[in-house]
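# A look at the structure
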Amino acid sequence: MSLKERINEDMKAAMRAKAADKLGTIRLLLAAIKQKEVDERVSLDDDAAVVAIVDKLIKQRKDSISQFQAAGRTDLADKEAAELEVLQVYMPQQLSADEVAQAVKAAVAQTGAAGPQDMGKVMGVLKGLLAGRADMTAVSAQVKAALAA
(Lines give C-alpha, C1' and ligand atoms only; values in the text may rest on other atoms or scores of the structure.)
Protein backbone atom coordinates (compact mmCIF):
# COMPACT_ATOMS: atom_id res chain seq x y z
CA MET A 1 0.00 0.00 0.00
CA SER A 2 1.40 3.36 -0.99
CA LEU A 3 1.56 6.26 1.45
CA LYS A 4 -1.18 8.10 -0.43
CA GLU A 5 -3.49 5.06 -0.15
CA ARG A 6 -2.67 4.77 3.56
CA ILE A 7 -3.63 8.42 4.08
CA ASN A 8 -6.94 7.82 2.29
CA GLU A 9 -7.64 4.76 4.47
CA ASP A 10 -6.80 6.77 7.61
CA MET A 11 -9.25 9.45 6.47
CA LYS A 12 -12.00 6.84 6.17
CA ALA A 13 -11.14 5.45 9.59
CA ALA A 14 -11.22 8.95 11.12
CA MET A 15 -14.63 9.53 9.53
CA ARG A 16 -15.98 6.29 11.01
CA ALA A 17 -14.50 7.13 14.42
CA LYS A 18 -15.87 10.68 14.22
CA ALA A 19 -12.41 12.04 15.08
CA ALA A 20 -13.00 15.57 13.77
CA ASP A 21 -9.55 17.02 14.54
CA LYS A 22 -7.66 14.11 12.97
CA LEU A 23 -10.03 14.11 10.00
CA GLY A 24 -9.47 17.83 9.42
CA THR A 25 -5.70 17.40 9.41
CA ILE A 26 -5.82 14.43 7.05
CA ARG A 27 -8.12 16.31 4.69
CA LEU A 28 -5.68 19.23 4.78
CA LEU A 29 -2.88 16.86 3.79
CA LEU A 30 -4.93 15.30 1.00
CA ALA A 31 -5.81 18.78 -0.27
CA ALA A 32 -2.11 19.68 -0.39
CA ILE A 33 -1.38 16.48 -2.32
CA LYS A 34 -4.24 17.15 -4.74
CA GLN A 35 -3.09 20.75 -5.22
CA LYS A 36 0.41 19.54 -6.14
CA GLU A 37 -1.08 17.03 -8.58
CA VAL A 38 -3.25 19.68 -10.24
CA ASP A 39 -0.49 22.31 -10.38
CA GLU A 40 2.03 19.96 -11.96
CA ARG A 41 -0.49 17.78 -13.88
CA VAL A 42 0.95 14.58 -12.45
CA SER A 43 -0.24 11.77 -10.22
CA LEU A 44 1.75 11.52 -6.99
CA ASP A 45 2.08 7.77 -6.61
CA ASP A 46 5.68 8.12 -5.49
CA ASP A 47 6.01 7.97 -1.70
CA ALA A 48 8.98 10.37 -1.77
CA ALA A 49 6.84 13.11 -3.34
CA VAL A 50 4.11 12.62 -0.71
CA VAL A 51 6.72 12.63 2.08
CA ALA A 52 8.04 15.95 0.72
CA ILE A 53 4.54 17.44 1.03
CA VAL A 54 4.12 16.05 4.56
CA ASP A 55 7.54 17.46 5.49
CA LYS A 56 6.55 20.89 4.17
CA LEU A 57 3.34 20.84 6.23
CA ILE A 58 5.27 19.77 9.33
CA LYS A 59 7.69 22.68 8.89
CA GLN A 60 4.73 25.04 8.58
CA ARG A 61 3.22 23.68 11.79
CA LYS A 62 6.49 24.03 13.71
CA ASP A 63 6.88 27.61 12.52
CA SER A 64 3.27 28.40 13.44
CA ILE A 65 3.71 26.89 16.91
CA SER A 66 6.72 29.08 17.64
CA GLN A 67 4.91 32.18 16.32
CA PHE A 68 1.77 31.48 18.36
CA GLN A 69 3.78 30.81 21.52
CA ALA A 70 5.68 34.06 21.05
CA ALA A 71 2.35 35.88 20.73
CA GLY A 72 0.95 34.15 23.83
CA ARG A 73 -1.73 32.25 21.88
CA THR A 74 -1.43 28.85 23.53
CA ASP A 75 -4.85 27.79 22.23
CA LEU A 76 -3.72 28.11 18.62
CA ALA A 77 -0.31 26.61 19.41
CA ASP A 78 -2.03 23.56 20.93
CA LYS A 79 -4.17 23.15 17.81
CA GLU A 80 -1.08 23.28 15.58
CA ALA A 81 0.71 20.79 17.87
CA ALA A 82 -2.19 18.35 17.52
CA GLU A 83 -2.00 18.67 13.73
CA LEU A 84 1.76 18.15 13.92
CA GLU A 85 1.28 14.85 15.76
CA VAL A 86 -1.12 13.58 13.08
CA LEU A 87 1.25 14.57 10.26
CA GLN A 88 4.34 13.01 11.85
CA VAL A 89 2.74 9.57 11.59
CA TYR A 90 3.28 9.71 7.82
CA MET A 91 6.99 10.51 7.97
CA PRO A 92 9.54 7.69 7.59
CA GLN A 93 11.60 6.56 10.57
CA GLN A 94 14.00 9.34 11.59
CA LEU A 95 17.72 8.62 11.53
CA SER A 96 19.80 8.77 14.69
CA ALA A 97 22.45 11.45 15.17
CA ASP A 98 25.19 8.84 14.58
CA GLU A 99 23.62 7.72 11.29
CA VAL A 100 23.38 11.33 10.13
CA ALA A 101 27.01 11.97 11.08
CA GLN A 102 28.11 8.89 9.12
CA ALA A 103 26.10 10.03 6.08
CA VAL A 104 27.74 13.48 6.29
CA LYS A 105 31.23 11.94 6.43
CA ALA A 106 30.42 9.67 3.48
CA ALA A 107 29.02 12.55 1.42
CA VAL A 108 32.06 14.74 2.13
CA ALA A 109 34.35 11.90 1.05
CA GLN A 110 32.24 11.09 -2.02
CA THR A 111 32.20 14.68 -3.31
CA GLY A 112 35.80 15.38 -2.39
CA ALA A 113 34.72 18.55 -0.60
CA ALA A 114 37.64 20.54 0.74
CA GLY A 115 36.08 23.59 2.32
CA PRO A 116 32.96 25.69 2.92
CA GLN A 117 32.73 26.56 -0.78
CA ASP A 118 31.81 22.91 -1.48
CA MET A 119 28.83 22.87 0.89
CA GLY A 120 26.34 22.95 -1.99
CA LYS A 121 27.78 19.77 -3.50
CA VAL A 122 27.61 17.91 -0.20
CA MET A 123 24.09 19.11 0.62
CA GLY A 124 22.94 18.10 -2.86
CA VAL A 125 24.04 14.52 -2.21
CA LEU A 126 22.62 14.46 1.32
CA LYS A 127 19.27 15.95 0.38
CA GLY A 128 18.51 12.97 -1.83
CA LEU A 129 19.61 10.50 0.83
CA LEU A 130 18.16 12.05 3.97
CA ALA A 131 15.05 13.95 2.80
CA GLY A 132 12.24 13.25 5.24
CA ARG A 133 14.45 11.09 7.42
CA ALA A 134 16.45 13.84 9.14
CA ASP A 135 16.12 17.51 9.99
CA MET A 136 17.95 19.15 7.10
CA THR A 137 18.73 22.24 9.19
CA ALA A 138 20.70 20.08 11.63
CA VAL A 139 22.33 18.23 8.73
CA SER A 140 23.38 21.55 7.23
CA ALA A 141 24.98 22.57 10.52
CA GLN A 142 26.89 19.27 10.66
CA VAL A 143 28.11 19.70 7.09
CA LYS A 144 29.23 23.24 7.84
CA ALA A 145 31.16 22.03 10.90
CA ALA A 146 32.72 19.13 8.96
CA LEU A 147 33.87 21.41 6.13
CA ALA A 148 35.22 24.06 8.50
CA ALA A 149 37.49 21.52 10.22
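Summary of the structure given here. As the structure is a computational prediction, the values presented were derived from the model and not from experiment. (Residues numbered from 1 in each chain as written. Predicted model: local features only at pLDDT ≥ 70, side-chain atom pairs only at ≥ 80, totals over all residues. Heavy atoms only, no water.)

## Remarks on the pattern of salt bridges
Pairing is possible between side chains of opposite charge, provided their charged atoms come close. Inspection of the entire model under this criterion finds nine salt bridges. A salt bridge links Arg61 to Glu80, with the nearest nitrogen and oxygen atoms 3.5 Å apart. Here Arg61 is found in helix 3 (residues 47-70), whereas its partner Glu80 is found in helix 4 (residues 74-88), with 19 residues between them in sequence. Judged by relative accessible area, which is 8%, Arg61 ranks as buried. Overall, the relative accessible area of 12% leaves Glu80 in the buried class. The closest approach of N and O atoms between Glu83 and Lys79, which form a salt bridge, is 3.1 Å. Here Glu83 pairs with Lys79, and both are found in helix 4, just four residues apart, close to one helical turn. The class for Glu83 is buried, based on a relative accessible area of 12%. Ionic contacts of the salt-bridge type, sharing partners, join the residues Arg61, Lys79, Glu80 and Glu83 into one network. (Salt bridge = Lys/Arg side-chain N within 4 Å of Asp/Glu carboxyl O. Helix = DSSP H or I, 4+ residues; strand = E, 2+ residues; numbered from the N terminus. Buried < 20%, exposed > 50% of the residue type's maximum accessible area, 1.4 Å probe, protein only.)

## Some words on the nonpolar core
Core analysis: the largest hydrophobic core is formed by 22 residues, its most contacted members being Ile7, Ile26, Leu29, Ile33, Val50, Val54 and Tyr90. No other element matches the seven residues that helix 3 contributes to this core. Leaving out residues up to four positions away in the same chain, Val54 has contacts with Leu29, Leu87, Tyr90 and Met91. The next biggest cluster of nonpolar side chains, apart from the first, holds 17 residues, and it includes Val100, Ala103, Met119 and Ala134. (Core = buried A, V, L, I, M, F, W, Y, C linked by side-chain atoms within 4.5 Å. Contact = heavy atoms within 4.5 Å.)

## Observations regarding unusual backbone geometry
Although it is not a glycine, Lys18 sits at a positive phi angle of roughly 55°. In this structure, Lys18 sits in the loop between helix 1 (3-17) and helix 2 (20-40). Relative accessible area serves as the criterion here: at 72%, Lys18 is assigned to the exposed category. The backbone of Arg41 sits at a positive phi, close to 55°, despite the residue not being glycine. By the secondary structure assignment, Arg41 is in the loop between helix 2 and helix 3.

## Remarks on the side chain of Glu83
Looking at Glu83, its side chain comes within polar contact range of the side chain of Arg61, at 2.6 Å. When residues no more than four places from it in sequence are discounted, the contact partners of Glu83 are Thr25 and Arg61. (Polar contact = N/O pair within 3.5 Å; in protein donor to acceptor, adjacent residues only side chain to side chain.)

## What about helix 4?
Compared with the 21 Å implied by 1.5 Å per residue over 15 residues, the 21 Å span of helix 4 between its first and last C-alpha is a close match. Buried residues belonging to helix 4 abut helix 2 and helix 3. (Expected span 1.5 Å × (residues − 1).)

## Comments concerning the layout of surface pockets
Looking at the largest pocket, its volume works out to about 280 Å³. In terms of lining residues, the largest pocket is bounded by 13 residues, among which Asp55, Ile58, Lys62, Ala134 and Asp135 are the most central. For the lining of the largest pocket, the secondary structure elements donating two or more residues are helix 3 and helix 7 (136-148). It is helix 3 that contributes the most residues to the lining of the largest pocket, four residues altogether. For the lining of the largest pocket, a count of residues per class yields four nonpolar, four polar and five charged. (1 Å grid on protein atoms, 1.4 Å probe; cavity = no way out; pocket = protein on both sides within 12 Å on 5 of 7 lines; lining within 4 Å. Points joined across faces, edges and corners; volume = space filled by probe spheres on them. Nonpolar A, V, L, I, M, F, W, Y, C, P; charged D, E, K, R; others polar.)

## With respect to a negative patch on the surface
A cluster of acidic side chains, namely Glu5, Asp45, Asp46 and Asp47, defines a negative patch on the protein surface. Checked against the element boundaries, Asp47 lands in helix 3. (Patch = residues over 30% accessible without salt bridge, like charges linked within 9 Å, V, L, I, M, F, W, Y side chains within 5 Å. Areas by Shrake-Rupley, 256 points an atom, 1.4 Å probe, with all protein chains shown as cover. Lys, Arg positive; Asp, Glu negative; His and termini not counted. Charge placed at Lys NZ, Arg CZ, Asp CG, Glu CD.)

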